[in-house]
Amino acid sequence: MMDRNQDTLLFRFASKSLKYFLLVLFGIAIVYVLSSALGIFHIIPILLYLLQQFFLPLGIILLCLITTTVIIESLR
């Protein structure tokens with residue numbers, strides 16, 4: 001039988017996914033600031049394209065996963 005304080009597989013997956021998603025966004029923010037400071041402006045449209053085409057849908061999927069995890073954990 002499962003202990004009440006033990007994390008489920010879904011909770012661990014959602015928390016790791018959120019951690020790595022936020023780390024990648026933080027890395028993109030660092031690249032954006034450094035490219036602006038160093039005058040390398042041709043990389044900024046590439047970063048914005050990545051954010052719009054890849055990370056926005058991924059963030060929405062992650063938000064749905066976290067919402068599902070919260071609902072399932074509250075029912076437990």
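Note that the structure is predicted; figures quoted are calculated from it, not measured. (Residues numbered from 1 in each chain as written. Predicted model: local features only at pLDDT ≥ 70, side-chain atom pairs only at ≥ 80, totals over all residues. Heavy atoms only, no water.)

J.: Sorry, what's going on with the side chain of Thr69 here?
T.: With respect to the secondary-structure elements, Thr69 resides in helix H2 (residues 44–75). Of the residues examined, Thr69 reaches a relative accessible area of 4% and is grouped as buried. One polar contact links the side chain of Thr69 to the main-chain carbonyl oxygen of Leu65, over a distance of 2.8 Å. Setting aside residues no more than four positions away along its own chain, Thr69 makes contact with Leu10, Phe11 and Ala14. (Helix = DSSP H or I, 4+ residues; strand = E, 2+ residues; numbered from the N terminus. Buried < 20%, exposed > 50% of the residue type's maximum accessible area, 1.4 Å probe, protein only. Polar contact = N/O pair within 3.5 Å; in protein donor to acceptor, adjacent residues only side chain to side chain. Contact = heavy atoms within 4.5 Å.)

J.: Is there a simple way to explain a nonpolar patch on the surface in this structure?
T.: Residues Phe26, Ile30, Leu34, Leu38 and Ile40 make up a contiguous nonpolar surface patch of roughly 490 Å² in combined accessible area. Relative to the helices and strands, Ile30 is located in helix H1 (residues 9–38). (Patch = residues over 30% accessible without salt bridge, like charges linked within 9 Å, V, L, I, M, F, W, Y side chains within 5 Å. Areas by Shrake-Rupley, 256 points an atom, 1.4 Å probe, with all protein chains shown as cover. Salt bridge = Lys/Arg side-chain N within 4 Å of Asp/Glu carboxyl O.)

J.: Please explain the nonpolar core as it appears in this structure.
T.: In summary, soluble globular proteins display a tendency toward joint burial of nonpolar side chains. Among the nonpolar cores identified, the biggest contains seven residues, and these are Ala14, Phe21, Ile28, Leu47, Phe55, Leu62 and Leu65. Only H1 and H2 provide two or more residues apiece to this core. If one sorts the elements of this core by residue count, H2 sits on top with four residues. (Core = buried A, V, L, I, M, F, W, Y, C linked by side-chain atoms within 4.5 Å.)

J.: Got a minute to help me understand the pattern of salt bridges in this structure?
T.: As enumerated under the stated definition, the model contains one salt bridge in all. Arg76 is the partner of Glu73 in a salt bridge, and the nearest nitrogen-oxygen pair spans 3.8 Å. Residue classification places Arg76 among the partly exposed residues on the basis of a relative accessible area of 29%.

J.: Mind showing me how you'd approach the environment of Phe55 here?
T.: Inspection of the secondary structure puts Phe55 in helix H2. Judged by its relative accessible area of 11%, Phe55 is buried. Taking C-alpha positions, Phe55 is 9.4 Å from Val24, a pair spaced 31 residues apart along the chain. With residues up to four places along the chain from it excluded, the contact list for Phe55 reads Phe21, Val24, Leu25, Ile28 and Leu50.

J.: Hey, could you run me through the packing of aromatic side chains in this one?
T.: Each aromatic ring pair is characterised by the separation of its centres together with the angle its planes make. Enumeration according to the criterion identifies two aromatic pairs in this entry. Seen from their ring centres, Phe21 and Phe55 are 6.2 Å apart, and the 55° between their planes marks the pair as tilted. Pair noted here: Phe21 is in helix H1 and Phe55 is in helix H2, with a separation of 34 residues, a long-range link. Per residue, the accessibility class of Phe21 equals that of Phe55, and both read buried. The interplanar angle of 80° and the centroid separation of 4.9 Å between the aromatic rings of Phe54 and Phe55 together place this pair among those described as edge-to-face. Owing to a relative accessible area of 47%, Phe54 belongs among the partly exposed residues under this scheme. Pairwise contacts between aromatic rings join Phe21, Phe54 and Phe55 into one cluster. (Phe/Tyr/Trp six-rings, centres within 6.5 Å; stacked < 30°, edge-to-face > 60°.)

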